Amino acid sequence: MSATSPSQTTAPKSRTSSNGFRFGSDDWIGDFADAPSGVAGPSDPSPWQVPAPDFGQVAASVVTVVSTTTTTTSTTAKTTTTTAATTTATTYPSWMSTIKTAAIATDLKAAVTGGALTVTGMSKLFSNLAASLTSSRTTLSATQLTDLKTIAANLTNGVTASSYLSFIVNAAVNGSAANAKWTGGAAASVALGNLVAGSTATQVGELVGKWFLGTDLPTSSVYMSGTAFSVTYSTVSKALFASTGPSMNDINQGYLGDCYLLASLAEVAKQNVNAIKSMFVDNGNGTYGVRFFENGVANWVTVNSSLAYGGTIFNSASADMWAGLAEKGYAQLQASGVVTGNTVNYGNSWSTIGNGGLPEYALEEITGASKITDFYAYRGTWLGYTYNSSLKTTGYSSGLSTSSILSSLVSSLSRGDDVVLSSFTNAKDASGKTTLVAGHAMSIYGYDTATGLLQVRNPWGTMAGQSWATTFEVSLSTLLAAGDVITVDNMGGTTTTTATTTTTTTTTTVKAVASVFDDAGIASLEIGRAHV
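Residues numbered from 1 in each chain as written. Predicted model: local features only at pLDDT ≥ 70, side-chain atom pairs only at ≥ 80, totals over all residues. Heavy atoms only, no water.

Assigned secondary structure in the chain consists of 13 helices and 28 strands. Counting only residues that meet the buried cut, the chain has 56% of its 532 residues in that class. Within the chain, counting contacts between residues at least 6 apart in sequence, those at least 24 apart form 68% of the total. When the accessible surface of the chain is summed, it comes to about 20100 Å², and 54% of that surface belongs to carbon and sulfur atoms. (Helix = DSSP H or I, 4+ residues; strand = E, 2+ residues; numbered from the N terminus. Buried < 20%, exposed > 50% of the residue type's maximum accessible area, 1.4 Å probe, protein only. Contact = heavy atoms within 4.5 Å. Areas by Shrake-Rupley, 256 points an atom, 1.4 Å probe, with all protein chains shown as cover.)

Over its 12 residues, helix H4 (residues 163-174) extends 16 Å from the first C-alpha to the last, a length consistent with the 16 Å expected when each residue adds 1.5 Å. Along H4, the positions that sit buried rather than exposed are Tyr 164, Leu 165, Ser 166, Phe 167, Ile 168, Val 169, Asn 170, Ala 171, Ala 172 and Val 173. The positive-phi residue at the C-terminal boundary of H4 is Gly 175, with phi of around 110°. (Expected span 1.5 Å × (residues − 1).)

A word on the pattern of salt bridges. As enumerated under the stated definition, the model contains 2 salt bridges in all. For Lys 210, the salt bridge identified is with Asp 216, shortest N-O distance 2.5 Å. This pair shows no difference in class: Lys 210 is buried, exactly as Asp 216 is. The partner of Arg 415 in a salt bridge is Asp 417, with the nearest N and O atoms 2.7 Å apart. Exposure remark for Asp 417: the relative accessible area of 2% places this residue in the buried category. (Salt bridge = Lys/Arg side-chain N within 4 Å of Asp/Glu carboxyl O.)

So, on to the environment of Thr 113. Checked against the element boundaries, Thr 113 lands in strand E7 (residues 112-113). Note: C-alpha distance between Thr 113 and Thr 90 (23 residues apart in sequence) is 9.9 Å.

We now examine the sheet that holds strand E14 (residues 280-282). Spatially, 3 strands are ordered E14-E15-E16 in an open sheet, and the strand pairing comes out antiparallel. On the outer flanks of this sheet lie E14 and strand E16 (297-304), each paired with one strand and no other. Neighbour-to-neighbour, the strand axes of this sheet turn through a mean angle of 25°, independent of strand direction. Of the pairings in the sheet, the one linking strand E15 (residues 287-294) to E16 comprises 8 bridges and is antiparallel in character. Directly across from Gly 289, in E16, lies its bridge partner Thr 302. Lying over the sheet, helix H8 (residues 322-333) contacts E14, E15 and E16, oriented at roughly 110° with respect to E16. (Pairing = 2+ DSSP bridges. Axes fitted to C-alpha atoms, helices over the stretch in contact; angles between N-to-C directions.)

It is worth spelling out empty space enclosed by the protein at this point. By rolling a water-sized probe across the atoms, one finds the places where empty space is left. Inspection of every chain in the model, using the stated rule, returns 6 cavities of 30 Å³ or more. In terms of lining residues, the second largest cavity is bounded by Val 236, Lys 238, Leu 307, Gly 311, Asn 315, Ser 316, Ala 317, Asp 320, Met 321 and Gly 324. For the lining of the second largest cavity, the per-class residue count stands at 4 nonpolar, 4 polar and 2 charged. (1 Å grid on protein atoms, 1.4 Å probe; cavity = no way out; pocket = protein on both sides within 12 Å on 5 of 7 lines; lining within 4 Å. Points joined across faces, edges and corners; volume = space filled by probe spheres on them. Nonpolar A, V, L, I, M, F, W, Y, C, P; charged D, E, K, R; others polar.)

In this section: the side chain of Arg 457. Following the sequence through the fold, Arg 457 ends up in strand E24 (residues 453-457). Nearest to the buried, unbridged Arg 457 among oppositely charged side chains is Asp 250, at 8.1 Å. Here Met 248 takes part through its backbone oxygen, which lies 3.4 Å from a polar atom of the side chain of Arg 457. If we skip the residues at most four places from it in the chain, Arg 457 touches Met 248, Asn 249, Ile 251, Asn 252, Ala 266, Met 442, Ser 443, Tyr 445, Thr 470 and Thr 471. (Lys, Arg positive; Asp, Glu negative; His and termini not counted. Polar contact = N/O pair within 3.5 Å; in protein donor to acceptor, adjacent residues only side chain to side chain.)

The subject of this paragraph is the pairing of strand E11 (residues 221-224). For a regular strand, the rule is simple: side chains alternate between the two faces of the sheet. With 4 bridges connecting them, E11 and strand E12 (residues 227-230) associate as antiparallel partners. Bridge pairing links Tyr 223 to Ala 228 in E12. What sits between E11 and E12 in their antiparallel hairpin is a turn of 2 residues, with Ser 225 showing a positive phi close to 50°.

Looking now at the packing of helix H2 (residues 119-136) against helix H5 (residues 201-213). At their nearest, the axes of H2 and H5 sit 8 Å apart, and the two run at 160° to each other. When the axes of H2 and H5 are compared, the pair comes out roughly antiparallel. Here the hand of the crossing between H2 and H5 comes out left-handed. Residue-level contacts link Met 122, Ser 123, Phe 126, Ser 127, Ala 130, Leu 133 and Thr 134 of H2 to Ala 201, Val 204, Gly 205, Val 208, Phe 212 and Leu 213 of H5. Looking at the contact of H2 with H5 residue by residue, the class counts come to 9 nonpolar, 4 polar and no charged. (Parallel < 35°, antiparallel > 145°, perpendicular 65-115°, else oblique. Left-handed = near helix turned anticlockwise from the far one by under 90°.)

Written out as structure tokens, the structure is:
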């Protein structure tokens, strides 16, 4: 389950499940599902990073554009009214005067508001350029490309631009691995390519759609656990966040094996709500920037408000759509290279994220944490592995006691760190409801001081007639006996959250550990609970 393959000889031996995937310190894939035919099995690929484009800067100076209103004098026999001349000065950095394409220069200046370049303004600039190429039946000229590169190089030269805007402009103009393919919600992707002189109007329009309009939707074809199906998209008219803000209860996993992602999102929503809020930029036009971290560096995708089956088949929430947008954005992120911790790769597709992954990757990509720690249950004690923001192993310890790990987890929860459980066993509570599920990731959101048990939430959430307990309590010794893994980030810092409780009236408790990994059981529970 570790994000890298530790070289220590004391690491636990791998275990093999009934479908041939290995469980152990070297790799674990949550939401286990058989990979589609012809797709390599799970492993731990290195995280990717889109290189920051570099283009020569133009020295900043100020150009003043002056518009003057005329003086109007009206005279009657009794009165004379004079309107004094007024002058409004708008200043622009001098590099803007080097833009040679008149329409681009006009749109660029119109995109400046209060000394800042706006996302909507830059979106209009690129959209107008694509429309102009279409209407004139021409391709992108060398002059137009040079103008765009000048803009990309000077986004913070004499003006300001958000990190989101800077990222998407550079990705559109200077290139990105994500530009290799265009999907647009079709059954399969087609070749796209980076912007060059001679790029067609269609190519320019699709790059605008990918980075500014959020129209490069994941493929409509979905392949998961040997099953193939298709989705259609429709616009969702919900707020980004409910009036009460993001909540872990907004996570209700649907017909997709991405518990490693959704359990992590639920945990961060509970422990670090501001980290969820800062993931999103609302562009005010039905599009949103969504941020994920790679190697500690912020990368962005743009999504629109269209979700598969209107947000009812995958993650669903009644009051808002942030979790659905994050899930879709994560699928779009895979266009640049797989960063789930798995090797299943369909590019910008639900299939890429829906065949399992690693909570270490998801937590790092959501939070940008500088440290991730894994606690592995192993032969009656615990092993500890630490990783940096690039998910490279930085430390290892062994022989850790359950009492020391529990103390560490309680401190982490109180501090506001995010804690995710990777379960390797099945269990039910006294009423017969499913609690622990093998090959499944869940949020550890609190500690009950009255019972001494950890509080766990299943990302399956709530659903009419459900056969599982959405929340329950479990002892750390039970998780030790089951050979489970607990992943913790360091996002809490000095922030203290209320992560403990003294009541047990609203949760159920795991009474016994059931049989080990049951592939048929996972298929019916994990994959079979479609919100359709």
